[in-house]
Amino acid sequence: MQINDIDYDLLRLIYLAAQAKAIDPSLVAGLVRKESNFSPAAQGDYEDGTPQAFGLMQLNVKHGPAAVRAYMNRPTELFDPALNLHLGCDYLRACLNAFPGDLKAAICAYNAGISRVRADGWVWNQDRYVLPVLASAAAWREAMRQVAVLAHVDAVWGKTEEIRGELIALKRAVGLE
């Protein structure tokens, strides 16, 4: 999946949510790619078919942080991309703070839980979760840089529509289209 396949407005939401929590936007994009493949309507189920995780960042209403568990009785609200990214980035920031300087452990904690990673370590989850998130984040780095430029222009001048043609030209120039 490339920037061409994702709606700019969704990428802008990812960028802004990450920026608000001082997180690398490409890391959030990589996490969203792994968790939901950029689908705001993604839903993960338990083996018995009971819904467990919702939206872009696959927020778990049963085992997630308190701010997410507050949606236990109204989990479909978590399909809202802006809310989902806000809560997901809050939790990712908590994971990064729990494991300062250890990005792999923080990513694993996002998936498995902070307390579980502290108790069991993160190595067991590296190949199937952590490394794919990091690889995806690296792949999204240039695209998120482009989104940052557009978001800045949009915020300063409100002229995103006028420069969409320039984005297409830029994407062609760097081989993304």
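Whatever comes next refers back to the structure up there.
Draft legend 1. A look at the packing of aromatic side chains. Taken as a whole, this structure holds three aromatic pairs when the rule is applied. With a centroid separation of 4.9 Å and an interplanar angle of 50°, the aromatic rings of Phe38 and Trp140 are classed as tilted. Note that Phe38 is positioned in the loop between helix H2 (25-36) and strand S1 (43-45) and Trp140 in helix H7 (residues 126-157), a separation of 102 residues in sequence. Each member of the pair, Phe38 together with Trp140, is buried. With a centroid separation of 5.4 Å and 45° between ring planes, the pair formed by Tyr91 and Tyr110 is classed as tilted. Of the two residues, Tyr91 sits in helix H4 (residues 81-98) while Tyr110 sits in helix H5 (residues 103-112), which places them 19 residues apart along the sequence. For the cation-ring pair, Arg74 lies above Tyr71, with the distance from its terminal atom to the ring centre recorded as 4.5 Å.

Draft legend 2. Summary view of the packing of helix H1 (residues 8-20) against H4. The N-to-C vectors of H1 and H4 enclose an angle of 30°; their axes lie 9 Å apart at closest approach. Judged on the interaxial angle alone, H4 and H1 are roughly parallel. As H1 packs across H4, the resulting crossing turns out to be right-handed. Of the residues in H4, those touching H1 at Leu10, Leu13, Ile14, Ala17 and Ala18 are Pro81, Ala82, Leu85, His86 and Cys89. A breakdown of the residues in the contact of H1 with H4 according to their chemical character gives nine nonpolar, one polar and no charged.

Draft legend 3. The layout of surface pockets, seen in detail. The volume enclosed by the largest pocket comes to roughly 500 Å³. Lining the largest pocket we find 22 residues, and of these Asn60, His63, Tyr110, Asn111 and Ala112 sit closest to its centre. Counting residues per element, the lining of the largest pocket draws most heavily on H5, which supplies four residues. Residues that form the lining of the largest pocket fall into these classes: ten nonpolar, nine polar and three charged.

Draft legend 4. Local environment of H2. End to end, H2 covers 16 Å across twelve residues, agreeing with the expected 16 Å (1.5 Å per residue, within 8%). Two residues or fewer after H2 comes Asn37, characterised by a positive phi angle close to 55°.

Draft legend 5. Fine view of the sheet that holds strand S2 (residues 51-54). An order of S1-S2-S3 is seen for the three strands of this open sheet, with the pairing classed as antiparallel. Because the sheet does not close on itself, it has two edges, and the strands there are S1 and strand S3 (59-60). Here three bridges tie S1 to S2, and the two strands are oriented antiparallel to one another. The residue bridging Gln43 from the neighbouring strand is Phe54, located in S2.

Conventions we followed
Residues numbered from 1 in each chain as written. Predicted model: local features only at pLDDT ≥ 70, side-chain atom pairs only at ≥ 80, totals over all residues. Heavy atoms only, no water. Phe/Tyr/Trp six-rings, centres within 6.5 Å; stacked < 30°, edge-to-face > 60°. Helix = DSSP H or I, 4+ residues; strand = E, 2+ residues; numbered from the N terminus. Buried < 20%, exposed > 50% of the residue type's maximum accessible area, 1.4 Å probe, protein only. Lys NZ or Arg CZ within 6 Å of the ring centre and 35° of its normal. Axes fitted to C-alpha atoms, helices over the stretch in contact; angles between N-to-C directions. Parallel < 35°, antiparallel > 145°, perpendicular 65-115°, else oblique. Left-handed = near helix turned anticlockwise from the far one by under 90°. Contact = heavy atoms within 4.5 Å. Nonpolar A, V, L, I, M, F, W, Y, C, P; charged D, E, K, R; others polar. 1 Å grid on protein atoms, 1.4 Å probe; cavity = no way out; pocket = protein on both sides within 12 Å on 5 of 7 lines; lining within 4 Å. Points joined across faces, edges and corners; volume = space filled by probe spheres on them. Expected span 1.5 Å × (residues − 1). Pairing = 2+ DSSP bridges.

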